[in-house]
Amino acid sequence: MRDAVTRPARQKESRSLRLYARLPELYPPAFLQRHRAEMRQSFADLEDAAASKAALLLLIGEDLTTASFRTFSRHRLAAT
C-alpha cells in the first residue's frame, strides 16, 4: 500500500469542471474526438483565473450557445 508521501498528487475536479465536461456533448462527435481534452484543460485554466464562478459559467454558457447556434445554422443551410 502506498502512503501519502509516495502517492501521486491528484487534483480534485471542481463541480463546475464536471458539469462542463458534460456540456460539450452538444458538439459533433468528430469535433469532440479532436478537441475534448483541450476544451477541458482550457476550462480548468479559465476556472483558475476567473474572478467568480458565476462569471465563468456565464462566459461558458455564452460560448456554448454561440457555437451551438453556428453549428445548427450551418447544418440548416447545408440542408437547403
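Anyway, here's the lowdown on the structure attached to this text. (Residues numbered from 1 in each chain as written. Predicted model: local features only at pLDDT ≥ 70, side-chain atom pairs only at ≥ 80, totals over all residues. Heavy atoms only, no water.)

1. Focus: the overall build of the protein chain
Thought 1: Across its full length, the protein chain holds three helices and zero strands.
Thought 2: In sequence order, the secondary structure elements of the protein chain are arranged as α-α-α.
Thought 3: Burial statistics for the protein chain: of 80 residues in total, 21% are counted as buried.
Thought 4: Taking the contacts inside the protein chain whose residues are at least 6 apart along the sequence as the reference set, 41% of them involve residues at least 24 apart.
Thought 5: For the protein chain, the exposed surface amounts to about 6,800 Å²; the carbon and sulfur share of it is 58%. (Helix = DSSP H or I, 4+ residues; strand = E, 2+ residues; numbered from the N terminus. Buried < 20%, exposed > 50% of the residue type's maximum accessible area, 1.4 Å probe, protein only. Contact = heavy atoms within 4.5 Å. Areas by Shrake-Rupley, 256 points an atom, 1.4 Å probe, with all protein chains shown as cover.)

2. A look at a nonpolar patch on the surface
Thought 1: Residues Leu19, Leu23 and Leu57 make up a contiguous nonpolar surface patch of about 230 Å² in total accessible area.
Thought 2: Tracing the chain through its elements places Leu57 in helix 3 (residues 53-79). (Patch = residues over 30% accessible without salt bridge, like charges linked within 9 Å, V, L, I, M, F, W, Y side chains within 5 Å. Salt bridge = Lys/Arg side-chain N within 4 Å of Asp/Glu carboxyl O.)

3. Focus: helix 1 (residues 15-22)
Thought 1: Among the residues of helix 1, Ser16, Leu17, Tyr20 and Ala21 are the ones counted as buried. Projected down its long axis, helix 1 shows its buried positions confined to an angular sector of 140°, all on one face. For helix 1, the exposed residues set more than 90 degrees away from the buried face come down to Arg15 and Arg22.
Thought 2: In the core, the buried residues of helix 1 are packed alongside helix 2 (29-49) and helix 3. (Arc of directions from axis to C-beta.)

4. Digging into the side chain of Glu47
Thought 1: Here Glu47 is to be found in helix 2.
Thought 2: Judged by its relative accessible area of 12%, Glu47 is buried.
Thought 3: For Glu47, the side chain forms a polar contact with the side chain of Lys53, separated by 2.8 Å.
Thought 4: With near-sequence residues (within four places) excluded, Glu47 lies in contact with Ser14, Ser16, Leu17, Lys53 and Leu56. (Polar contact = N/O pair within 3.5 Å; in protein donor to acceptor, adjacent residues only side chain to side chain.)

5. Some words on the packing of helix 2 against helix 3
Thought 1: Direction vectors running N to C along helix 2 and helix 3 enclose 145°, while the axes themselves pass 9 Å from each other. At the point where helix 2 passes helix 3, the crossing takes the right-handed sense. Note on element contacts: helix 3 touches helix 2 through Lys53, Leu56, Leu59 and Ile60, opposite Phe43, Leu46 and Glu47. (Axes fitted to C-alpha atoms, helices over the stretch in contact; angles between N-to-C directions. Left-handed = near helix turned anticlockwise from the far one by under 90°.)

This is a description of form; function is not addressed.
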